[in-house]
Amino acid sequence: MSQPITLALFCKVVDNYGDIGICWRLARQLVREHGIAVTLWVDDLDSFARICPQVDPLLAVQQVAGVSVYHWRDQEGTYYPEDVADIVIEFFAVDIPPGYVTAMAQRQAKPVWLNLEGLTAEEWVEGCHMLPSMHPRLPLTKHFFFPGFTGKTGGLLREADLLDERDQFQRDPAALSAFLGGLGLSAAEQAACKVSLFCYPHAPVASLFDAWRQGGAPVACLVPDGVAKDEVRAFLGTEPVRGAVCTRGMLTVRVLPFVPQAEYDRLLWACDVNIVRGEDSFVRAQWANRPFAWHIYPQDENLHHKKLRAFLLRYGAAQLGAQAGTQSGAQSDNHAEALERFTLAFNGVEQNADWPALWQNLSGSLDQLACRSANWQNALLANGDLAANVLAFARSMR
Ligand SMILES: Cc1cn([C@H]2C[C@H](O)[C@@H](COP(=O)(O)OP(=O)(O)O[C@H]3O[C@@H](C)[C@H](O)[C@@H](O)[C@H]3O)O2)c(=O)[nH]c1=O
């Protein structure tokens, strides 16, 4: 039997959960669907354990879901060519231990070396995807690999069975109700417009809560433990611990535990609209068949506003393109606009937002937006998935 392909993935947790969230998802998929022997080097096991409870933060080395997980504690150490994997991925341009890089150069068959970059809808990524970069001293070439929304990028992470699993779940009212009940939702909360809220601390959550509280229909806002803490505490009037819940006016706010990744997908599938952030939850929301608003990771000089607009442009165009020539074309514009305006305001691009009006418009468009999410998904499906695209590129290099 031939040896499996080996792959080492180096991840540093800069902040939050996206870095390890993306690396963990990719590592698992490479093992499960492609039979690759993956070693995941990660510097922060506490963050990792939050999205994957099987991880023991005290272990230097452990096997989780078929992935060898190494606690990456320092950059130094001696490595030998036989320690080096066939494919080496640095996530977000992290510095791989210098000794490991030296061993890469000493390996007879040089490894395929990729820098897996962050997701953006901006056009320039198409020109940079798969660009080579020669090592200044060693006989090694690294290639940039960009996830993205077009066929000229690496695509998005998507497990092979994801959409089938989602469809099955969304078509099964008993499964939906059991899932939401398991999170503690009452029948009234389950019947309300359910919104999952995963955002950064600067989001205008207090204004949105006000609009929901005074709105025309019940809203159940489900907030993972630790998110929008100040606003949730103010609304509840108590500490925002898991299971805490309070109803005021039309709004119920419920604090959920931070759940493992697979369960987080179910939460997105079960809600009527999702507010997501960063990169990984943003991508998962795109596979959820539900309208979503993206709270983008903030950058200096409002660079993220440009990224946000680039995405909204692409997303809106894909949806409207699919609607072109239909009688509902003009109406569709209104739905897309409702989502776009809500998203821009949520990200502070539009100041002095009229939240009751923004929510009223968006909530009136949810059904149409949900129907149209398939158009966007079909466009994404044509790009393949990131894990398979990484492997296809690596094979083309060998
Ligand atoms: C709310 C929730 C999230 N998750 C997971 C889903 C994702 O894998 C992960 C969250 O990651 P993200 O959505 O990317 O958001 P994020 O904000 O947590 O992470 C990142 O955003 C990037 C843009 C930055 O570069 C990173 O440095 C990082 O900040 O947590 C759970 O598993 N359970 C939960 O209950």
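Residues numbered from 1 in each chain as written. Predicted model: local features only at pLDDT ≥ 70, side-chain atom pairs only at ≥ 80, totals over all residues.

## Thoughts on the overall build of the protein chain
Stage number 1. Within the protein chain one finds 15 helices and 14 strands.
Stage number 2. Here the C-alpha radius of gyration of the protein chain, 22 Å, is about what a compact globule of 398 residues would show, namely 21 Å.
Stage number 3. Once the C-alpha set of the protein chain is aligned to its principal axes, its extents read approximately 70 × 50 × 45 Å. (Helix = DSSP H or I, 4+ residues; strand = E, 2+ residues; numbered from the N terminus. Rg over C-alpha atoms; globule rule 2.2 N^0.38 Å.)

## Some thoughts on the nonpolar core
Stage number 1. Residues Leu9, Cys23 and Val42 are the most contacted members of the largest nonpolar core, which totals 113 residues.
Stage number 2. The element that contributes the greatest number of residues to this core is helix H1 (residues 18–34), accounting for 8 residues.
Stage number 3. Inspection of this core shows a minimum of three residues originating in each of domain 1 (6–146) and domain 2 (162–381).
Stage number 4. Not counting the four nearest positions on each side in its chain, Val42 is found in contact with Cys11, Val13, Ile20, Cys23, Phe48, Val69 and Trp72. (Core = buried A, V, L, I, M, F, W, Y, C linked by C-beta atoms within 7 Å. Buried ≥ 20, exposed ≤ 12 C-beta atoms within 10 Å, placed from the backbone. Domains from an automatic or database assignment. Contact = placed C-beta atoms within 7 Å.)

## Notes on the sheet that holds strand S3 (residues 61–64)
Stage number 1. Ordered by their spatial adjacency, 8 strands build an open sheet running S3-S4-S2-S1-S5-S6-S8-S7, and the pairing between neighbours is mixed. Of all strands in the sheet, those with a lone pairing partner are S3 and strand S7 (132–134), marking the two edges. This sheet shows a mean twist of 25° between the axes of neighbouring strands, independent of strand direction.
Stage number 2. Strand direction decides the pairing type here: S3 and strand S4 (residues 67–71), joined by 4 bridges, are antiparallel. Directly across from Val64, in S4, lies its bridge partner Val67.
Stage number 3. Running at roughly 145° to strand S6 (residues 112–116), helix H15 (residues 386–397) makes contact with strand S5 (87–91), S6 and strand S8 (141–145) of the sheet. (Pairing = 2+ DSSP bridges. Axes fitted to C-alpha atoms, helices over the stretch in contact; angles between N-to-C directions.)

## Describing the environment of Gln54
Stage number 1. In this fold, Gln54 is placed in the loop between helix H2 (45–51) and S3.
Stage number 2. Sequence separation of Gln54 and Ala65 is 11 residues, and the distance between their C-alpha atoms is 8.9 Å.

## Side note on the site of the ligand
Stage number 1. Every one of the 23 residues lining the ligand counts as a neighbour, but Asn16, Gly18, Gly21, Gly278 and Ser281 are closest to it.
Stage number 2. Secondary-structure elements contributing two or more residues to the shell around the ligand are H1, helix H10 (261–270) and helix H11 (280–286).
Stage number 3. Tallied by class, the residues present in the shell around the ligand amount to 11 nonpolar, 7 polar and 5 charged.
Stage number 4. Residue contributions to the shell around the ligand reach at least three from each of two domains, namely domain 1 (6–146) and domain 2 (162–381). (Near = placed C-beta within 6 Å. Nonpolar A, V, L, I, M, F, W, Y, C, P; charged D, E, K, R; others polar.)

## So, helix H8 (residues 205–213)
Stage number 1. Residues Val205, Leu208, Phe209, Ala211 and Trp212 constitute the buried set of H8. Along H8, the residues classed as buried sweep out an arc of 160° about the axis, all on the same side.
Stage number 2. In this fold, the buried residues of H8 make contact with strand S10 (219–224), helix H9 (229–236), strand S12 (251–256) and helix H14 (355–381). (Arc of directions from axis to C-beta.)

## Some points on the pairing of strand S11 (residues 245–248)
Stage number 1. Relative to S12, S11 runs antiparallel, the two being bridged by 4 bridges. Bridging from a neighbouring strand, Val245 pairs with Arg254 of S12.

## Focus on the sheet that holds strand S13 (residues 273–277)
Stage number 1. With respect to topology, 6 strands assemble into an open sheet ordered S11-S12-S10-S9-S13-S14, the strand pairing being mixed. What marks the edges here is a single partner per strand, and that holds for S11 and strand S14 (292–295). The mean angle between the axes of side-by-side strands here comes to 15°, regardless of whether they run parallel or antiparallel.
Stage number 2. For S13 and S14, the ladder comprises 4 bridges, and the chain directions are parallel. From the neighbouring strand, Val276 faces S14, where its bridge partner is Trp294.
Stage number 3. H8 rests against S10, S11 and S12 of the sheet, and its axis sits at about 135° to S12.

## Section: H1
For an α-helix, 3.6 residues make a turn, and residues three or four places apart therefore share a direction.
Stage number 1. The end-to-end C-alpha separation of H1 is 23 Å, in line with the 24 Å expected for 17 residues at 1.5 Å each.
Stage number 2. For H1, the tally of buried residues reaches 14 of 17 residues, placing the bulk of the element in the interior.
Stage number 3. Phi turns positive one or two residues past the end of H1, at Gly35, with a value near 65°. (Expected span 1.5 Å × (residues − 1).)

## Some points on the domain arrangement of the protein chain
Where interface size is quoted, it is often the accessible area lost as the parts come together.
Stage number 1. When its domains are assigned, the protein chain resolves into domain 1 (6–146) and domain 2 (162–381).
Stage number 2. For domain 1 and domain 2, the distance between their C-alpha centres works out to 31 Å.
Stage number 3. With 14 residues of domain 1 at the interface, the matching set in domain 2 holds 10 residues.
Stage number 4. Sorting the residues of the side of domain 1 that touches domain 2 by element identifies H1 and H2 as the ones contributing at least two each.
Stage number 5. Looking at the side of domain 1 that touches domain 2, the element that brings in the most residues is H1, giving 4 residues.
Stage number 6. Residue classes in the side of domain 1 that touches domain 2 are distributed as 6 nonpolar, 5 polar and 3 charged.

## Quick look at unusual backbone geometry
Stage number 1. In the Ramachandran plot, Phe92 falls in the positive-phi region, its phi being about 55° despite a non-glycine side chain.
Stage number 2. When you line up the elements, Phe92 lands in the loop between S5 and helix H3 (98–106).
Stage number 3. Judged by local crowding, Phe92 falls into the partly exposed class, with 17 C-beta atoms found within 10 Å.
Stage number 4. One non-glycine residue, Ala93, adopts positive backbone phi at about 60°.
Stage number 5. Residue position: Ala93 is located in the loop between S5 and H3.

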